[in-house]
Each structure stands twice: as structure tokens, then as C-alpha cells.
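# Overview (structure and organization)
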Amino acid sequence: GVMKSVSGLQDLEERLARALHVNQAIIVSGNSDRYSWVKKEMGRACVQQMKEKLAPKDIVAVAGGTTLAAVAEMMSPDSNLEEVSFVPARGGLGEKVEIQSNTISSTMAQKAHGKYRLLHVPDQLSDETRESLILEPGIKELLSIIRQAKMVVHGVGEAETMAARRKTKAETLGSLKDKEAAAEAFGYYFDRAGQIVHKENTVGLQLDDLTNEQFVITVAGGASKAEAITAYMKHRPSDVLITDEGAAQAILDL
Ligand code: G3H
């Protein structure tokens with residue numbers, strides 16, 4: 001648009017999209033590592049994309065994190081969001097309640113005047129507990145709703161940062177280091193080649209569930225996430241990447 005050509009980011013967007021093999025890159029000015037308002041601008045850009053791409057009654061699965069919380073903060077009603085259901089992509093991952101996907105989906109729904117459903121599962125699950133929980137009728141129903149999502153919106157984190165923030169147990173930390181984990185997105189960890197090296201034990205959207213019909217928006221910025229964003233996009237290039245200038249420049253300089 002007009003704003004983009006004025007700010008000169010359009011060329012950067014095209015180069016970034018080509019480099020990461022994403023259909024579209026949207027870049028906001030600044031570096032969110034340095035200024036928190038930049039994260040809010042990414043949030044604003046994400047809300048705009050959601051309003052353009054969603055239709056009334058669609059289901060949208062949202063992940064957690066501070067970037068997704070910024071998206072929720074910028075949400076507002078729109079005719080395309082009428083009766084849209086916001087659901088968490090996956091269960092708890094050991095984050096503070098403010099940035100859990102359950103909280104984010106309910107905030108988004110309230111601000112968009114839409115609907116939401118919560119996924120009530122504890123953070124640390126044994127395989128045994130998880131297997132039996134997914135058979136509970138309420139959880140089973142919600143998991144099927146999550147799989148019907150038209151759109152998935154998620155953040156990407158730098159692996160070590162995310163593992164530390166979630167107070168990941170020492171054994172897992174060691175294994176993430178050994179396997180050179182570089183990126184994290186909705187509870188999955190990826191190495192630089194985009195291979196999954198670890199998956200947190202929670203229920204919800206599995207990466208295998210993502211089909212080409214689903215519209216995936218990735219929102220992640222800050223120069224510190226350059227390697228993480230690059231690694232994740234090697235796993236599965238998104239339909240839209242919303243990022244900032246700081247990350248975009250650093251990615252192209254890698
Ligand atoms: O799930 C969390 C994301 O991977 C990154 O979180 O937006 O707080 O950096 P963030």
C-alpha cells in the first residue's frame with residue numbers, strides 16, 4: 001500500500017518472502033527487541049490480516065506468548081469476525097497465565113465480539129495421562145474443533161529463551177542443547193534445518209494436522225529471533241509472516 005512504499009519496506013518484504021519461501025511477508029518498522037511498541041505494531045498488522053482472511057463463523061486457533069498477547073491487545077470487532085470462534089492451539093506449556101493460549105483466545109474473542117472455547121489441560125503431562133485425557137468427551141470435542149480451524153496464528157521463540165522461560169527440566173534442556181534446538185513454536189522445538197527435535201507433552205494441534213487448506217500466520221520479530229524464524233520457516237513456510245525490520249534485516253544478513 002501507500003504507507004509501505006513511503007516507508008520503503010516493500011522491497012525488504014519481497015526479499016524476505018523469497019528468502020524464507022513464504023507467500024507474503026509483512027514488515028513493521030523498528031526492532032521489537034528494543035521497543036515494545038514495535039510488538040504492538042506487529043499485533044496491529046496481524047489483526048488486519050485476520051480480518052481480511054477470516055469469514056463469519058470460522059474457527060481460528062491461536063498459540064501463546066507475548067507477541068500473541070500483543071495481537072490480542074490490538075483486536076477489535078469486524079464484520080468478518082462475526083461469530084468467529086477463537087480456540088487455543090495447544091494446552092498449557094508452563095507459561096504465565098497472561099500469555100497462555102487459553103487467555104489469549106478468550107481476550108481476542110472478547111475484543112472481537114466473537115466466541116471462545118478453553119482447553120483445560122494441565123501443563124506437565126505424562127504420556128499415560130495425556131492418552132486418557134484426550135478420550136474425555138469435552139476434551140475430545142474441543143480437539144476436533146481445533147483441527148477444523150481455518151486459520152492458525154502463532155509466534156516463534158528462540159529455543160533457549162523459551163525453554164528457560166518455561167522452566168523446562170534439566171534433562172530436556174540438555175537434550176535441546178545436544179540437538180542444537182534453534183526455534184520453538186507452539187510447544188515444538190526445531191533445529192536450524194527445521195527438523196523437529198523435541199515436542200512438549202501437551203494436547204492440541206499437532207504439526208501433522210496442518211494441511212494446505214489452513215491459513216497459517218506467523219508473528220515474530222526482533223533481531224534476536226532471526227535464526228529462530230529462519231529455522232521454523234524451513235520446517236513449514238507460513239502463508240504470512242508478520243515481523244519487524246530488526247528481524248528482517250538480521251535474517252537477510254544470516
Ligand atoms: O510460544 C511462544 C512463542 O514461541 C514466542 O513467545 O512471543 O513471547 O516471544 P514470545
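This section reports on the structure supplied with the text. Every value quoted in this text rests on a predicted model; they were computed, and no experiment measured them. (Residues numbered from 1 in each chain as written. Predicted model: local features only at pLDDT ≥ 70, side-chain atom pairs only at ≥ 80, totals over all residues. Heavy atoms only, no water.)

### Here's the deal with the site of the ligand
In the vicinity of the ligand, the residues found are Gly64, Gly65, Thr66, Thr67, Gly155, Val156, Gly157, Met162, Arg165, Arg166, Glu184 and Lys225. A distance of 3.1 Å separates an oxygen atom of the ligand from a polar atom in the backbone of Gly157. For the ligand, an oxygen atom lies 2.8 Å from a polar atom in the side chain of Arg165. Burial of the ligand by the surrounding chains reaches 95%, relative to a free accessible area of 300 Å². For the ligand, the cavity whose grid points lie within 2 Å of the majority of its atoms is the second largest pocket. Along the lines of polarity and charge, the residues of the shell around the ligand split into two nonpolar, six polar and four charged. (Near = heavy atom within 4 Å. Polar contact = N/O pair within 3.5 Å; in protein donor to acceptor, adjacent residues only side chain to side chain. Areas by Shrake-Rupley, 256 points an atom, 1.4 Å probe, with all protein chains shown as cover. 1 Å grid on protein atoms, 1.4 Å probe; cavity = no way out; pocket = protein on both sides within 12 Å on 5 of 7 lines; lining within 4 Å. Sits in = over half its atoms within 2 Å of the grid points. Nonpolar A, V, L, I, M, F, W, Y, C, P; charged D, E, K, R; others polar.)

### Remarks on the pattern of salt bridges
Tallied over the full model, the rule gives 13 salt bridges. The shortest N-O distance in the salt bridge between Asp127 and Arg130 comes to 3.6 Å. Of this pair, Asp127 and Arg130 both sit in helix H6 (residues 127–133), separated by three residues, roughly a single helical turn. According to the relative accessible area criterion, Asp127 is partly exposed, its value standing at 46%. Assessed through its relative accessible area of 18%, Arg130 is described here as buried. Here Glu131 ties to Arg130 by a salt bridge, and the two come within 3.4 Å at their closest N and O atoms. For Glu131, a relative accessible area of 42% translates into the label partly exposed. Salt bridges sharing common partners tie together Glu95, Arg165, Arg166 and Glu184. (Salt bridge = Lys/Arg side-chain N within 4 Å of Asp/Glu carboxyl O. Helix = DSSP H or I, 4+ residues; strand = E, 2+ residues; numbered from the N terminus. Buried < 20%, exposed > 50% of the residue type's maximum accessible area, 1.4 Å probe, protein only.)

Bear in mind that shape data such as this cannot, by itself, settle questions of function.
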